[in-house]
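# Analysis of the macromolecular model
Spelled out, the chains give:
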Amino acid sequence: MALITIDQLTIGFRGPPLLDEVSCQIEPRQRIGLLGRNGTGKTTLLRILCGQVEPDHGRVVFAADTRVSMLEQDVPVDLTGSTTDIVAAGLAADNEDDDEAPWKSEQRVEQILSRMDLDPAARFEVLSSGMKRRVLLARALVGEPDVLLLDEPTNHLDIETIGWLEEFLARWNATLIFVTHDRMFLSRLANRILEIERGRLFDWSCDYETFLTRKEAALAATEKQDALFDKKLAEEEKWIRQGIKARRTRNEGRVRALQQMRRERSERRTAPGKVRMVVQSGQRSGNLVAQVDEVSLAFDEKQIVRDFSTTIMRGDKIGIVGPNGVGKTTLLRILLGKLPPDSGNVRLGTNLQIAYFDQLREQLDVEKTVLENIGDGSDTLQIGGRSKHVLGYLQDFLFAPERARTPVRFLSGGERNRLLLARLFSKPANLIVLDEPTNDLDMETLELLEERLVEFDGTVLLVSHDRAFLNNVVTSTIVFEEAGVREYDGGYDDWLRVCENRAKEAKDAMVAEPKPSGKSARATRPKQDARRKLNYNERRELETLPAKIDPLEAEIAAIHQAMAEPEFYKKPGAEISQAQARLKQVEADLAAVYRRWEKLES
């Protein structure tokens, strides 16, 4: 028997209906991923299912005694109290007037607090965003619901907490319906996909990976079918304009068929537009973007980073990963030279043009309109060397003219992120810095952003908890670990493999190493190899290396500038070859200097 039956459900606010006579059945113990672009009605459907919103038409029928609970997308700003009080508020009113009810309720609260590793006495208002989400999830679960609704449960959670949530929900033995932009979370949990598109609810009845394959084939088939229909309609329209030569039954039927085709074509809801995102490359930066040497920083006796060194070169795409509140944004500011460290040095390269995406969206003035936030008083922008009207540019990011004149405070989270991306890419840059860019973005925009960053020939610094996004974009990862901040080649999965191998090697070493006893224990400990000190000539060489870098970079920049001139390739072939050979040689010399620098410093 179905747990929930959705029958001919319709709801709309302004414009076309969000849900247009949709029907569906939900069975017990299904884990359903609810997909759709921003604004298609995913949250509205969840709110209908939990009784917060009434549909315009249709009904939702629940099996007897079905309990539904929902975890909202946003953390309430005015919610205060102890963890115990917040969680206890999620208990359904108990209609039984027996003496056992109070202690049963207390026991249930204690069990869920223990199960979710929460401090009963902790004050909710002082917790981190991730812990607040965990408390709210406990409140949703304490009533032991048959159906749990989750709206973007991974927003603002760090990777460790997301992993914990995945494991917890995988073990949870009830029905789960969730909206998320986290593709790895979706792949690991969903065993059924529902998709809202153009007012309709599509049931794919498969996991996420299978859905992607089927969806691509379905889109191709729909495009082909629509093209054939439009071609047939155009032929019939041409025929009717020529005039009907005789009032025959056959011709009258053909006219009626044409009228029906016109109705079908008018009722077809076209697919929403796609974001047209262009990342403008600025002037070429120097090969060296930032040289970070042994930097340390602490706030109020909390150590953020200690003795951290790295070299960021042009074209690097670096991800920064770590728990919430550990200092990822602070490290970004150090790398950009915006925050001086307590010790150590940061040397920035030349010709840097920085575009910064702020996770708090502080660059947006919520009282101004979308148009005013982008135009800064001007009606046009320079995009790709050409002048473009601000309204036309905003339409590339799916802001219709009437929406472009809306104050930012009325935008959804996804729309604000799209606006921030539009502002970010309205100016040329060679260093893009993104602090949590993926929250609230729909998957189509997310995948397009990935493609543009991979194609970008400049440098990218990226803070994100989206594991798939990190895997697809970054070439190396800086990770905040218990032992300190370390850098690894590759993305999130590559870091996981290194950690697993390290743990395995440590375990094998413990098994293989005999346990020492008594005074011999100290003797059996391996001594750390001391780093070899530089001799006099090596110290002198290390001091002179920075002076060699600047002229090499300047010569490379001059050759690139010369090659960018239209007249360059009109020169004789010998001159062009000579310039190309010189560029190759200078770039090799510069790389050799950097290699020698790293070797001496290590």
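Whatever comes next refers back to the structure up there.
None of these values were measured; they are calculated from a predicted model. (Residues numbered from 1 in each chain as written. Predicted model: local features only at pLDDT ≥ 70, side-chain atom pairs only at ≥ 80, totals over all residues. Heavy atoms only, no water.)

### A word on the packing of aromatic side chains
Applicable threshold: For Phe, Tyr and Trp, where Trp contributes only its six-membered ring, two rings pair if their centres lie within 6.5 Å, and the inter-plane angle classes them as stacked under 30 degrees, edge-to-face over 60, or tilted in between. By the criteria applied, helices consist of DSSP H or I runs no shorter than four residues and strands consist of E runs no shorter than two, each listed in order from the N terminus. When a residue's accessible area, from a 1.4 Å probe over protein chains only, is under 20% of the maximum for its type it is buried; when over 50% it is exposed; and in between it is partly exposed. Either the NZ atom of lysine or the CZ atom of arginine qualifies as a charge over a ring when it sits within 6 Å of the ring centre and within 35 degrees of the ring normal.
On inspection of all chains with the given rule, the structure shows six aromatic pairs. Geometrically, the ring pair formed by tryptophan 164 and phenylalanine 168 is stacked, given 5.3 Å between the ring centres and 20° between the ring planes. Placement of both tryptophan 164 and phenylalanine 168 in helix H5 (residues 159-171) is noted, with a separation of four residues, approximately one turn of the helix. Ring geometry for tyrosine 208 against phenylalanine 211: centres 6.0 Å apart, planes inclined by 25°, an arrangement best described as stacked. On the criterion of helical spacing, the pair formed by tyrosine 208 and phenylalanine 211 is a turn pair, its members being three residues apart in helix H7 (residues 208-241). Overall, the relative accessible area of 3% leaves tyrosine 208 in the buried class. Residue phenylalanine 211 is classed as buried on the basis of its relative accessible area, which comes to 6%. Members of the aromatic cluster, joined through ring pairs, are Trp204, Tyr208 and Phe211. When the ring centre of tryptophan 164 is taken as reference, the NZ or CZ atom of arginine 134 above it lies at 4.1 Å. A cation over an aromatic ring shows up here: arginine 418 above the ring of phenylalanine 399, its NZ or CZ 5.2 Å from the ring centre.

### Observations concerning the sheet that holds strand E11 (residues 302-313)
Threshold: Two strands pair if DSSP finds at least two bridges between them. Simply put, an axis is a line fit to the C-alpha atoms, just over the touching stretch for a helix, and the angle between two N-to-C directions goes from 0 to 180 degrees. Any two residues whose heavy atoms approach within 4.5 Å are treated as being in contact.
Strand order across the open sheet formed by three strands is E11-E10-E13, with antiparallel pairing between neighbours. Each having just a single partner strand, E11 and strand E13 (343-348) make up the two edges of the open sheet. Looking at each pair of strands side by side, their axes are set apart by 15° on average, direction ignored. In the sheet, strand E10 (residues 288-299) pairs with E13 via five bridges, with the strands oriented antiparallel. When the sheet's bridge partners are listed, aspartate 293 is paired in E13 with asparagine 345. Taken strand by strand, helix H9 (residues 328-335) contacts E10, E11 and E13, and its axis lies near 130° from that of E10. Across the sheet, helix H19 (residues 573-601) lies against E10, E11 and E13, angled at about 25° from E10, the strand it touches most.

### Re H19
Short version of the rule: One less than the residue count of a helix, multiplied by 1.5 Å, gives the span that helix is expected to have.
Helix length check: H19 (29 residues) gives 42 Å between terminal C-alpha atoms against 42 Å at 1.5 Å per residue, within 8%. Along H19, the residues classified as buried are Ile576, Ala579, Leu583, Val586, Leu590, Val593, Tyr594, Trp597 and Leu600.

### Considering the pattern of salt bridges
Cut-off, in case you're wondering: Salt-bridge detection follows one rule: a side-chain nitrogen of Lys or Arg within 4 Å of a carboxyl oxygen of Asp or Glu.
Applying the stated criterion across every chain, the model contains 21 salt bridges. The closest approach of N and O atoms between glutamate 72 and arginine 47, which form a salt bridge, is 3.5 Å. Linking glutamate 72 in the loop between strand E5 (68-71) and helix H2 (83-88) with arginine 47 in helix H1 (residues 42-49), this pair joins segments that are 25 residues apart in sequence. Given the relative accessible area of 32%, arginine 47 is considered partly exposed. Between glutamate 166 and arginine 188 there is a salt bridge, with its nearest N and O atoms 3.1 Å apart. Note that glutamate 166 is positioned in helix H5 and arginine 188 in helix H6 (residues 183-189), a separation of 22 residues in sequence. Relative accessible area serves as the criterion here: at 6%, glutamate 166 is assigned to the buried category. Residue arginine 188 is classed as partly exposed on the basis of its relative accessible area of 47%. Several salt bridges converge on common partners, so that one network encompasses Glu166, Asp182, Arg188 and Arg467.

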